[in-house]
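Descriptive structure summary
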Amino acid sequence: MSYDAIVIGAGFSGLYMLHRLREAGFTARVYEAGDGVGGVWYWNRYPGARCDSESIYYNYTFSAELLQEWTWSSRYPEQPEILRYLNFVADKFDLRRDIQFETRVTAAHYQEATRKWLITLDDGTQVSATYFISGVGCLSAANLPPFKGLEQFGGEWYHTGQWPRNEKVDFKGKRVGVIGNGSSGVQSIPVIAQEAEHLTVFQRTPQYTIPARNHPYSDEFIRQTKESYPEIIPQMRESWGGFPIAPSVRSALEDPQDVRQQVYEEAWAKGGFFLSYAYHDLTMNEAANETAAEFIRSKIRETVHNPEVAEKLLPSYYFGTKRPILDTHYYETYNRENVTLVDVKKAPIVEITPKGLRTADAEYELDILVFATGYDGMTGPLLKIDIRGKDGWTLKEKWSEGSNVQTYLGLANAGFPNFFMITGPESPSVLANMPLAIEQHVDWIGDCLTYMRQNGLETIEATPEAEAAWSRHCKEVADATLYPKADSWYTGANIAGKPRSFLIYLGGFGSYRQICSDIAAKGYEGFTLA
Ligand code: N01
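No experiment lies behind these values; they were computed from the predicted model shown. (Residues numbered from 1 in each chain as written. Predicted model: local features only at pLDDT ≥ 70, side-chain atom pairs only at ≥ 80, totals over all residues. Heavy atoms only, no water.)

**What about the site of the ligand?**
Around the ligand sit 23 residues in total, of which Asn181, Ser184, Arg204, Thr205 and Lys322 are the nearest. Here an oxygen atom of the ligand and a backbone polar atom of Ser183 are 3.0 Å apart. Here an oxygen atom of the ligand sits 2.8 Å away from a polar atom, N or O, in the side chain of Arg204. For the ligand, the protein covers 88% of the area, taking 920 Å² as the surface of the free molecule. Here the shell around the ligand takes three residues from helix 5 (residues 183-195), the largest share from any one element. (Near = heavy atom within 4 Å. Polar contact = N/O pair within 3.5 Å; in protein donor to acceptor, adjacent residues only side chain to side chain. Areas by Shrake-Rupley, 256 points an atom, 1.4 Å probe, with all protein chains shown as cover. Helix = DSSP H or I, 4+ residues; strand = E, 2+ residues; numbered from the N terminus.)

Below, the structure written as structure tokens:
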């Protein structure tokens, strides 16, 4: 079979890409590993999984009708509701007929003779397409650290990103261990603690987390929001992060201590990301950052009754340089009698044993072990596929050359004609409101393919010069901030052996949109079209 375009993944990216391609009259096929749509919202079914972007902004904006038809129940809905939304979208736009489920793409090779991509599926079938588009997402390659002895563990174990779909994991009466306290750990720990007989949290790096302050939406709030979308959406598109919130223009160091304290208290009371937006220089200036960091530490000391436990929970990296986390009663969970916090930086995990887990100074008996250990972010999902461009050059080879990963706009790669990445490395992606970042890439790709068809063009490829310049720009912008200093999945530091580079464009979503539009308006500057 041959298509105009093949898309991998039926999450937010793949669904909208399919819709856009079909609307423009291209033939398209989507391959999806799961047996349903949803992407990350299909796989992440761990207890407590919920959105941490406000739901009224965390949706597609391309269809005014869809915005009116769908109603979110609360500020931060749980995973089943978001999955229902994506199923609603798939039904509304009749998308399923062009999606092949339970199918993984294992390889994609560019054929120079035919100028087509030859795609291999996990059952050995091969299909071809003029355009190869990745909607694999930024966080779909689970990281299971290679702990010694996992195969001998006598209990059950799960990774948060690969949670069982058809059975409920029953924690009742069980001794449960959770390794990891990023967003997934912080969301699941309070929920598991309520059910388990005992929960032991194995923490390597304490994190800053801020109360989400979730609440149901009133009918009146929903009515007003739906009415205001025509004004809200342009604000979102032009903003730094894809939300209609203007960051403060003030420096944290401009305000006297009592005023700053008041600003932080108000942001803390509102919950969500307001604290990150409280001052413009929190991720730029060490002293400014420390004021917010110390404010959160004071909240941890206030919340956690046992001073020794509170001390273990105090983070020291620059606030905001790892993905900010929102929680529902996370620190309060450590006041429960059935919860123990273990510092595995001090006494590292040595091995998983038949009965549980052994650290350098103790052994813990466990019935269930939960790995909330994150992902090989940004590049991981693409590198799991054998992608080869011109001259058989693999994406893996390309991205391990030089000192950092290079892409053009996070959308394209020199050496890989007609291959597009939706929210690829070096685009704003995860530092913007994801559905909006996805829509912008999908629209840009859709417009580009239409332009090519109208102009009788067959191939588009980023030039090495444009790509090098974009990567340099990304690095310069990142190096002017505190972000690259943190060991996180943003930098690749969480995966042993992964080259370290800052994988997300930090220049802001609004400016990035403008850059992409200008490039298209100039006849796709920085690309070779033939
Ligand atoms: O993963 P993480 P995550 N030994 O990488 C620890 C998005 N998300 O799945 O910090 C011991 O943040 C690791 O420790 P350390 C969101 O963008 C969104 O939680 O490396 N510990 C850390 O504590 C998020 O940022 C939502 O020292 C080990 C944890 O595991 C991204 O997904 C919900 C270890 C991993 O934290 C990833 O979040 C969930 C080892 N060998 C996720 N290896 C929403 O709310 C790792 N750790 C929408």
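**Here's the deal with the sheet that holds strand 15 (residues 363-365)**
A sheet is described by the order of its strands in space; here three strands give the open sequence 13-14-15, paired in antiparallel fashion. Two strands close off the open sheet at either side, each with one partner strand: strand 13 (349-352) and strand 15. Across the sheet, the mean angle from the axis of one strand to that of its neighbour is 20 degrees, orientation sign disregarded. (Pairing = 2+ DSSP bridges. Axes fitted to C-alpha atoms, helices over the stretch in contact; angles between N-to-C directions.)

**Quick notes on the sheet that holds strand 8 (residues 175-179)**
Judged by pairing direction, the sheet is parallel, and its five strands sit side by side in the order 7-16-8-9-12 without closing on themselves. Strands with a single pairing partner mark the edges of an open sheet, and in this sheet they are strand 7 (156-159) and strand 12 (339-343). Between one strand axis and the next, the sheet turns by 15 degrees as a mean value, whatever way the strands run. Inspection of the sheet shows strand 8 paired to strand 9 (residues 198-203) by five bridges, in the parallel sense. By the bridge assignment for strand 9, Val176 is matched with Leu199. Sheet contacts for helix 5: strand 8, strand 9, strand 12 and strand 16 (368-371); angle to strand 9, the most-contacted strand, approximately 155 degrees. (Contact = heavy atoms within 4.5 Å.)

**Thoughts on the packing of aromatic side chains**
Here the structure, examined in full by the defined rule, presents 47 aromatic pairs. Measuring from centroid to centroid gives 5.2 Å for Trp70 and Phe88, while their planes differ by 50 degrees, and the two rings are tilted. Here Trp70 is found in the loop between helix 3 (64-69) and helix 4 (79-92), whereas its partner Phe88 is found in helix 4, with 18 residues between them in sequence. By relative accessible area, which is 14% here, Trp70 ends up buried. Relative to Tyr334, the ring of Tyr330 lies with its centre 5.3 Å away and its plane at 80 degrees, an arrangement referred to as edge-to-face. Comparing Tyr330 with Tyr334, the two get one shared label, buried. Of the aromatic side chains, those joined through ring pairs into one cluster are Phe12, Tyr16, Trp41, Tyr58, Tyr60, Phe62, Trp70, Trp72, Tyr85, Phe88 and Phe93. (Phe/Tyr/Trp six-rings, centres within 6.5 Å; stacked < 30°, edge-to-face > 60°. Buried < 20%, exposed > 50% of the residue type's maximum accessible area, 1.4 Å probe, protein only.)

Such coordinate-based values are descriptive only and should not be taken to indicate function.
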